[in-house]
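What the coordinates show
As a plain string of letters, each chain reads:
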Amino acid sequence: MDDLQEMGPVDYLCIEFPPGARAGDGLPHIVNLVDRGIIRVLDLRFLRKNEDGTVNELVGEQLDSGLAIFQGAASGMIGGDDLEEAAAVLEPGSAAALIVYENVWAAPFAVSVRRAGGRVIAGGRIPVQSLLAALDATESEYVRS
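Quick look at the structure, then. Residue positions are given per chain, counted from 1 along the sequence in the order it is written. Local features in a predicted model are, by the rule used here, given only for residues with pLDDT of at least 70; side-chain atom pairs are given and counted only at 80 or more, and totals for whole chains, interfaces and linings are based on all residues. Derived side-chain values reflect all non-hydrogen atoms in the structure, with water molecules and hydrogen atoms excluded from consideration.

1. Let's talk about the overall build of the protein
- What the protein contains, in helices and strands, is 6 helices and 4 strands.
- Going through the 145 residues of the protein one by one, you find that 28% of them count as buried.
- By definition, residues are in contact when any of their heavy atoms lie within 4.5 Å. Long-range contacts, defined as pairs at least 24 residues apart, comprise 81% of the intrachain contacts of the protein with a sequence gap of at least 6.
- Element-wise, carbon and sulfur atoms account for 57% of the exposed surface of the protein, whose accessible area totals about 10,000 Å². Counting from the N terminus, the helices are the DSSP runs of H or I reaching at least four residues and the strands are the DSSP runs of E reaching at least two. Accessible area is worked out with a 1.4 Å probe on protein chains only. A residue is then buried under 20% of its type maximum, exposed over 50%, and partly exposed in between. A 1.4 Å probe and the Shrake-Rupley method give the accessible areas. Residues count as covered only by the protein chains that appear here.

2. Section: the environment of V55
- Its place among the elements puts V55 in strand β3 (residues 55-58).
- Accessibility expressed as a relative area gives 33% for V55, which makes it partly exposed.
- A sequence separation of 37 residues divides V55 from P92, and the C-alpha atoms of the two residues are 9.0 Å apart.
- When neighbours within four sequence positions are excluded, V55 is seen to be in contact with L47, R48, K49 and A87.

3. Topic: a nonpolar patch on the surface
- In this analysis, a patch consists of residues with relative accessible area above 30% that form no salt bridge, clustered at 9 Å for like charges and at 5 Å for the nonpolar side chains Val, Leu, Ile, Met, Phe, Trp and Tyr. For salt bridges, the criterion is a side-chain nitrogen of Lys or Arg within 4 Å of an Asp or Glu carboxyl oxygen. Residues V128, L132 and L135 make up a contiguous nonpolar surface patch of about 300 Å² in total accessible area.
- Along the chain, the position of L132 falls in helix α6 (residues 128-144).

4. Thoughts on the side chain of S94
- Inspection of the secondary structure assignment puts S94 in the loop between α4 (80-89) and β4 (95-103).
- The residues touching S94, leaving out its near neighbours within four places in the chain, are E16, F17, P18, P19, L47, R48 and K49.

In short, geometric facts, not functional conclusions.
Here you go:
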């Protein structure tokens, strides 16, 4: 429990890769973030949804060489229900990476907040598409005025 008190915020992502996408291209950036102590990968799983709708988890030799570096990054945080939810929204022919990671960079701040008696009561992520739409709307309003 003490180790958990020293952790930074933990986030998760599910990233879909449509057919033809190069899933391994972003992975060197994750490795770089880990090497620099910015994040710590707690769990990482890969899925593929076949054209017939069946879903397989990719492991070991099924992973291309760029993904194999993450083989074994499994804490059990991503469970069967998480895999089922991801599979349900994947398009046939697509693959997905599910990643749970600690924001190590934010650990000192999070620890100080907890020690002061504070707690996070809400959080979220704003998708880039939403930011772009909001900026477009603001720009349209500005042009009209």
